[in-house]
Amino acid sequence: MRTIFWGMAGLLALTAGAARADDDAAYLEKAKAYLANVAAPVTKWDGPTTGPKAQGKKLIAIVVTDARNGGAQGAADGAAEAAKALGWEVRMLDGQGTVPGRATALTQALAMKPNGILNAGIDSKEQEPLFEQAAAAGVKIVGWHAGPKPGPDASIPSVFTNVTTDPAEVAQSAGYEAVVHSGGKAGVILFTDSIYAIAMAKTHLSQAAVEGCKSCKVLEVVDTPIGDLSNRMGQLTTSLLSKYGKKWTYSIAVNDLYYDFSSPSLESAGVDPATGSPQQISSGDGSVPAFKRIRDKQYQLATVAEPLNLQGWIMIDEINRAFAGEKPSGYVPHVHLFTAENVDKDGGADNKFDPGNNYRDAYKTIWGV
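Caption draft 1: Up close: the sheet that holds strand S2 (residues 89–94). Strand order in this open sheet of 5 strands is S2-S1-S3-S4-S5, and the pairing throughout is parallel. Unpaired on one side and paired on the other, S2 and strand S5 (161–163) mark the two borders of the sheet. Sheet twist, expressed as the mean angle between neighbouring strand axes with direction ignored, is 20 degrees. Across 3 bridges, strand S4 (residues 140–144) lies against S5 in parallel orientation. Paired with Trp 144 across the strands is Val 163, a residue of S5. This element, helix H3 (residues 99–111), spans strand S1 (59–64), S2 and strand S3 (116–120) of the sheet and lies at about 155 degrees to S2. Contacts from helix H10 (residues 308–323) reach S1, S3, S4 and S5 within the one sheet, and its direction differs from that of S4 by about 160 degrees.

Here it is as structure tokens:
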């Protein structure tokens, strides 16, 4: 009986293993097809073609959550460029990566009595009283990454709309990249910042994408604030290397900035920059240092980049619609996966995702400028 018992157990294990392998093979094919789509060249304009003409001269305050954050600053710079095309005046303010700093910057913005405020990366719930104060004064507000999803948010009526890519598209792309690159064997640590609802949304979705591969594993979800990465990320990386060793094969962070401060610790630990573990993947935003790391194969495998400059133009178009009393456009741009294979295309040669779809001309046509 004992021999039969162990024989049956072994057979069940083999059967389960075969089923898991079949499931993972199908999942890998699904992930590969998804990645091929998000890495494809972007050449066609898929945004709005109609909307209100330019609404006259305006003063716009752009409040950036942290000027060191390449995503937020990139979107803000794009908005400033678009505002210039309309002849609008722009004032840029830096929240310096802290809750008090963001509150101070927004208070300063209110004191300017602007026609509109562009919130580049501040969670709208965090500073809701100040946004409500602005809206009560007749100031129009458009966000970038100001909430967990694109478009208007009924729970934050003071914000006209939120400009972002689809967090699910970003997160799945990052998760699938770890799955496919590992051949279905990834051991992943996810880095997030719970201050931001959109960061948590992306993290949960990336985790689900990784765990859809039965032979992959999420080792840990690490919550550490983006505003304090320079002080925390180096030692944290060293500690996690000690804790997980070779089990840790991939990192997925909600922002490229995490890797600005983890890479030196990987180098100190003797991790090969091109082939060693962990390989680093970002689920946003496509910063200049990230493009350089990917191109040089220096501690970053991929970034799921957002079209930051385009998103700045979208913000200006949306606030122009708000000034005109119209509804948001509903446009949600797609993300783009950059790896060493395509890093010099679609704007990557200039260290950014800037699609060649003539978006500037498209918006100028709408605005009549």
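Caption draft 2: Layout of the environment of Ser 242. Within the fold, Ser 242 resides in helix H7 (residues 229–244). Ser 242 gets classed as exposed once you look at its relative accessible area, which sits at 65%. Expressed as a C-alpha distance, the spacing of Ser 242 and Gly 368, which sit 126 residues apart in the sequence, is 59 Å.

Caption draft 3: Examining the state of the cysteines more closely. In this structure the tally under the stated criterion is 1 disulfide. At a sulfur-sulfur separation of 2.5 Å, the disulfide partner of Cys 213 is Cys 216. Looking down the S-S bond of the Cys 213 and Cys 216 bridge, the torsion is 70 degrees, so its handedness is right-handed. For the pair formed by Cys 213 and Cys 216, the shared burial category is buried.

Caption draft 4: View of the side chain of Asp 24. You can see Asp 24 is positioned in helix H1 (residues 2–38). Classification of Asp 24 by relative accessible area gives buried; the value is 7%. Separated by 2.7 Å, the side chains of Asp 24 and Ser 215 make a polar contact. In this structure, Asp 24 is in contact with Gly 184, Gly 212, Cys 213, Lys 214 and Ser 215, ignoring residues within four places of it in sequence.

Caption draft 5: Broad picture of the pairing of S3. Taking burial as the measure, the 5 residues of S3 include 5 buried ones, the bulk of the element. Judged from the 5 bridges that link them, S1 and S3 form a sheet pairing that is parallel. Residue Ala 61 lies in a different strand from S3, and its bridge partner there is Ile 117. Bridging between S3 and S4 involves 5 bridges; their strand directions are parallel. Opposite Ile 117, over in S4, you have Ile 141 as the bridge partner.

Caption draft 6: Molecular detail of the environment of Ala 290. With respect to the helices, strands and loops of the structure, Ala 290 is situated in helix H9 (residues 288–296). With a relative accessible area of 0%, Ala 290 lands in the buried category. Separated by 23 residues in the primary sequence, Ala 290 and Trp 313 have C-alpha atoms spaced 23 Å apart. When residues no more than four places from it in sequence are discounted, the contact partners of Ala 290 are Asp 256 and Gln 300.

Caption draft 7: Seen up close, the nonpolar core. Of all hydrophobic cores here, the largest spans 31 residues; its most connected members are Trp 88, Leu 118, Met 315, Ile 316, Tyr 363 and Trp 367. Of all the secondary-structure elements, those providing two or more residues to this core are S1, helix H2 (70–86), S3, S4, H10 and helix H11 (359–367). Looking at this core, the element that brings in the most residues is H10, giving 9 residues. Excluding residues within four positions of it along the chain, Leu 118 makes contact with Ile 60, Ala 61, Ile 62, Val 63, Ala 79, Val 142, Met 315, Ile 316 and Ile 319.

Caption draft 8: Local environment of the packing of aromatic side chains. Across all of its chains, the model carries 12 aromatic pairs by this definition. Their ring planes at 50 degrees and their centres at 6.4 Å tell us that Phe 191 and Trp 248 sit as a pair that is tilted. Taken as a pair, Phe 191 in strand S6 (residues 187–192) and Trp 248 in the loop between H7 and strand S8 (250–253) lie far apart in primary sequence, 57 residues in all. In this pair, the class of Phe 191 matches that of Trp 248, namely buried. The class of Phe 191 is buried, set by a relative accessible area of 1%. Following the ring pairs from residue to residue traces out a cluster consisting of Trp 45, Trp 313, Tyr 331, Tyr 359, Tyr 363 and Trp 367. Stacked on the ring of Phe 323, the Lys or Arg Lys 58 has its end atom at 4.8 Å from the ring centre.

Caption draft 9: A look at the packing of helix H5 (residues 167–181) against helix H6 (residues 197–211). Contact pair H5 / H6: the axes reach a minimum separation of 8 Å and the direction vectors enclose 40 degrees. Of the possible angle classes, the one that applies to H5 and H6 is oblique. Here H5 and H6 pass one another in a crossing that is right-handed. On H6, the residues that touch Pro 167, Ala 168, Val 170, Ala 171, Gln 172, Ala 174, Gly 175, Tyr 176 and Val 179 of H5 are Ile 198, Lys 202, Leu 205, Ser 206, Ala 209 and Val 210. Classifying every residue of the contact of H5 with H6 by side-chain character gives 11 nonpolar, 3 polar and 1 charged.

Caption draft 10: Inspection of the pattern of salt bridges at higher detail. Summed over all chains, the structure comprises 13 salt bridges. The salt bridge involving Asp 23 is made with Lys 214; its shortest N-O contact spans 3.7 Å. Of the two residues, Asp 23 sits in helix H1 while Lys 214 sits in the loop between H6 and strand S7 (217–223), which places them 191 residues apart along the sequence. Taking the relative accessible area as the measure of exposure, Asp 23 reaches 39% and is therefore partly exposed. Residues joined by salt bridges that share partners form a network here, namely Glu 81, Asp 354 and Arg 360.

So, how was this worked out
- Residues numbered from 1 in each chain as written.
- Predicted model: local features only at pLDDT ≥ 70, side-chain atom pairs only at ≥ 80, totals over all residues.
- Heavy atoms only, no water.
- Pairing = 2+ DSSP bridges.
- Helix = DSSP H or I, 4+ residues; strand = E, 2+ residues; numbered from the N terminus.
- Axes fitted to C-alpha atoms, helices over the stretch in contact; angles between N-to-C directions.
- Contact = heavy atoms within 4.5 Å.
- Buried < 20%, exposed > 50% of the residue type's maximum accessible area, 1.4 Å probe, protein only.
- Disulfide = S-S within 2.5 Å.
- Polar contact = N/O pair within 3.5 Å; in protein donor to acceptor, adjacent residues only side chain to side chain.
- Core = buried A, V, L, I, M, F, W, Y, C linked by side-chain atoms within 4.5 Å.
- Phe/Tyr/Trp six-rings, centres within 6.5 Å; stacked < 30°, edge-to-face > 60°.
- Lys NZ or Arg CZ within 6 Å of the ring centre and 35° of its normal.
- Parallel < 35°, antiparallel > 145°, perpendicular 65-115°, else oblique.
- Left-handed = near helix turned anticlockwise from the far one by under 90°.
- Nonpolar A, V, L, I, M, F, W, Y, C, P; charged D, E, K, R; others polar.
- Salt bridge = Lys/Arg side-chain N within 4 Å of Asp/Glu carboxyl O.

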